[in-house]
Protein chains: 2
Amino acid sequence: MSKFMNLARKFNCFYFNGKCDLQHCRPFLVCGKQVGVMQARVVEAACRHPDVFQMDSSGMISMHPSLTTYEERSARINHVLSQWKEERLFVTLKGWRNECYEVRTGFADPPLLKMDRSAACLFGVRQYGVEINGYTRHPQLGMSLWLQRRALSKPTWPGKWDNMVAGGLSVGHSVLDTALKEAEEEASIPAHLLANLRSAGSVSFYFESERGLFPNTEFVYDLELPADFVPHNSDGEVDIFELVPVNQVMERIFTPEYKTTSCPTTLDFLIRHGFINSDNEPRLPELVELLHIPLHYLYSQSSSQSPISSN
Amino acid sequence: MSKFMNLARKFNCFYFNGKCDLQHCRPFLVCGKQVGVMQARVVEAACRHPDVFQMDSSGMISMHPSLTTYEERSARINHVLSQWKEERLFVTLKGWRNECYEVRTGFADPPLLKMDRSAACLFGVRQYGVEINGYTRHPQLGMSLWLQRRALSKPTWPGKWDNMVAGGLSVGHSVLDTALKEAEEEASIPAHLLANLRSAGSVSFYFESERGLFPNTEFVYDLELPADFVPHNSDGEVDIFELVPVNQVMERIFTPEYKTTSCPTTLDFLIRHGFINSDNEPRLPELVELLHIPLHYLYSQSSSQSPISSN
């Protein structure tokens, strides 16, 4: 097994751990359609709120069908989460964000409810973000990537190396808007350079940590920068930026100092630009498949009941 | 459902048709490990050769364990296929290629046997090829792709539009060698322009036709060409080449004149270069996942018997 393949199994640890079945976790449905996956410890806590969650005979957990609107569902789940937070039931809720996340059956579908971002991993809700590979063809260093070291104050992955710009999609922002906003806040990229921002696809992977489940999709952008441009942080979320030649990036991603869940976007860049290829990775197609696992196809359960109104 | 998503379901029709299960088809194993999938009509024919194929109690078909070497397995399967060809049992064997295809458990694993390329789809053996997106930033047309129309004499997809250069990997050729060889034979690209050839990853999809099953992986290359270069064919396999602006490519791929199984590579190019993005395809992540379905993970059956020597 190559180093790259090992890394791909690490950020896809939930996809590979063989626990993605009904014995270990339950599909979580809203309005008759699957939106997430719940581990046993979360199922146990949820079953103490039968007015909010109900389990059907096949073992699937649904939000109670009496909760018929976006507002009702959001308010009731927020109430439950606040209680869990108070009870210190789940470590992830210590990092309460006061920033909400929309829950949908598919990315382009209408939102069914919102919940605090810190709770999404308890329900195995797919999370979407944007990441920008900032790169330059440097006259001395050759092709190089701008990496950021995350601030020590960040609630997740403090002090770890990360792609130049990264941010979660939250309520009310489009994908491109989020990319532009984060590029300005995190790296102070001026508008005339952002004109070169190019959409380059997405990566999908399924990570698990002590906090919970992370079925993540990142919208990937490439931004070529002039060799003399230096990003600087405006919002306090970045410690430092460093311009790292590609051959060093290909070593740093394997260190514990690199944020595991940022590796898919970095690997995707290295593959798309030819630095990882069939010569240095004999299992290239398998590696590429592991950067795009079928998250949207995995969440395919629906209840036998007719779906409830999703307004 | 968007046009792009519909197209992705078309070239992934076997992945979606719900027949990828033991009731409709059987895993095909060699040396205790899965290398393919057999549909009922092929299982029926194979069972008439119990000295070559055997079905175990769980319904999996294996090559007979008494066939212990690459040479023996290749010779015996060739014998069976010649008989089936004579009996006109399967339409795909009418296109006998006299060109062999290596069968392996994974792309980087040692070959277990070889068989004629026309028979690979009967056994649902993963097939690998290379495709080159030849493009130019044309002063008048803007970003444009060179497409080829396949010769009417080709055994498969005659007369259909295709990517500039495409070829299957066959015995004894590396991925990059195949790309260079095909670029020279199919499009007469001179060596100094081929120096720009850049590996850009791979696509994986699962197509089904009347001929059989096509779990295909294409190694994808990009080649930027000068605006005044015109490819011409040297081996009789191409009818004409045409330089097509990207916006027209994005229409042509939906026509019946475009080779269905070449769409994944074209779509991957359009996504990597930002022409298909979250603005014009709200389900971009799902589309990207469908260009990289987990073919290598799908073929994961192994027999309870200990594996036989794979020499």
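Residues numbered from 1 in each chain as written. Chains lettered and ligands numbered in written order. Predicted model: local features only at pLDDT ≥ 70, side-chain atom pairs only at ≥ 80, totals over all residues. Heavy atoms only, no water.

The name that an unreviewed UniProt entry assigns to chain A is EOG090X06MA, with the source organism given as Daphnia longispina.

Structural notes on the interface of chain A and chain B
Threshold: In this description, contact between two residues means that some pair of their heavy atoms is separated by no more than 4.5 Å. Here the quantity called buried area is the total loss of accessible area, with a 1.4 Å probe, experienced by two parts when brought into contact, counted for both. A pairing counts as a salt bridge when a side-chain nitrogen of Lys or Arg comes within 4 Å of a carboxyl oxygen of Asp or Glu. Polar contacts here mean pairs of N or O atoms no more than 3.5 Å apart (in protein, one a potential hydrogen donor and the other a potential acceptor; neighbouring residues in sequence count only if both atoms are side-chain atoms).
Of the residues lining the interface, 39 residues belong to chain A; the matching set on chain B comes to 39 residues. Both faces considered, chain A and chain B share a buried interface measuring about 3,100 Å² in area, 57% of it formed by carbon and sulfur atoms. For the chain A face of the interface with chain B, the top three residues by lost area are Pro 285, Glu 289 and Tyr 297 of chain A, together amounting to 18%. Inspection of the chain A/chain B interface yields two salt bridges. When the shortest N-O distance is used, the salt bridge between Asp 109 of chain B and Arg 283 of chain A registers 2.8 Å. The interface formed by chain A and chain B includes 12 residue pairs in polar contact (both at pLDDT 80 or more).

Side note on the side chain of Glu 182 of chain A
All names here are of chain A. Spelled out, the test is: Counting from the N terminus, the helices are the DSSP runs of H or I reaching at least four residues and the strands are the DSSP runs of E reaching at least two. Relative accessible area decides the class of each residue, using a 1.4 Å probe on protein chains only: under 20% of the type maximum gives buried, over 50% gives exposed, and in between gives partly exposed.
Following the sequence through the fold, Glu 182 ends up in helix H5 (residues 175-187). We classify Glu 182 as buried; its relative accessible area is 9%. Excluding anything up to four places from it in sequence, Glu 182 contacts Val 165, Ala 166, Gly 167 and Ala 187.

Describing the packing of aromatic side chains
What counts is decided by this rule: The criterion for an aromatic pair is that two Phe, Tyr or Trp rings (for Trp, the six-membered ring) have centres within 6.5 Å, with stacked assigned to planes under 30 degrees apart, edge-to-face to planes over 60 apart and tilted to the rest. Counting as a charge over the ring demands two things of the Lys NZ or Arg CZ atom: a distance within 6 Å of the ring centre and an angle within 35 degrees of the ring normal.
Using the criterion set out here, one finds 32 aromatic pairs over all chains in the structure. With centroids separated by 4.5 Å and ring planes inclined at 50°, the aromatic side chains of Phe 107 of chain A and Tyr 128 of chain A adopt a geometry described as tilted. Here the residue Phe 107 of chain A occupies a position in the loop between strand E5 (100-103) and strand E6 (113-116), and Tyr 128 of chain A occupies one in strand E7 (residues 127-138), the gap between them amounting to 21 residues. The burial state of Phe 107 of chain A is the same as that of Tyr 128 of chain A; both residues are buried. Note on Trp 84 of chain B and Phe 123 of chain B: the rings are 6.3 Å apart at their centroids and 15° apart in plane angle, and the pair reads as stacked. Residue Trp 84 of chain B is located in helix H4 (residues 70-86), and its partner Phe 123 of chain B is located in the loop between strand E6 (113-116) and strand E7 (127-138); the two are separated by 39 residues in the primary sequence. Since its relative accessible area comes to 0%, Trp 84 of chain B is described here as buried. On the basis of relative accessible area, Phe 123 of chain B is assigned to the buried category, the value being 0%. Taken together, the ring pairs in this structure connect Phe 28, Phe 53, Trp 84, Phe 90 and Phe 123 of chain A into an aromatic cluster. In this structure, Arg 252 of chain A is placed above the aromatic ring of Trp 161 of chain A, and the distance from its NZ or CZ to the ring centre is 4.6 Å.

Details of the pattern of salt bridges
Residue and element names in this part refer to chain B. The full count for this structure, using the stated rule, is 24 salt bridges over all chains. One salt bridge in this structure joins Asp 51 and Arg 76, with 2.6 Å as the shortest N-O distance. Note that Asp 51 is positioned in the loop between helix H3 (40-46) and strand E3 (53-55) and Arg 76 in helix H4, a separation of 25 residues in sequence. By relative accessible area, Arg 76 is classed as partly exposed at 29%. Here Asp 268 and Arg 272 are joined by a salt bridge, their closest N and O atoms 2.8 Å apart.

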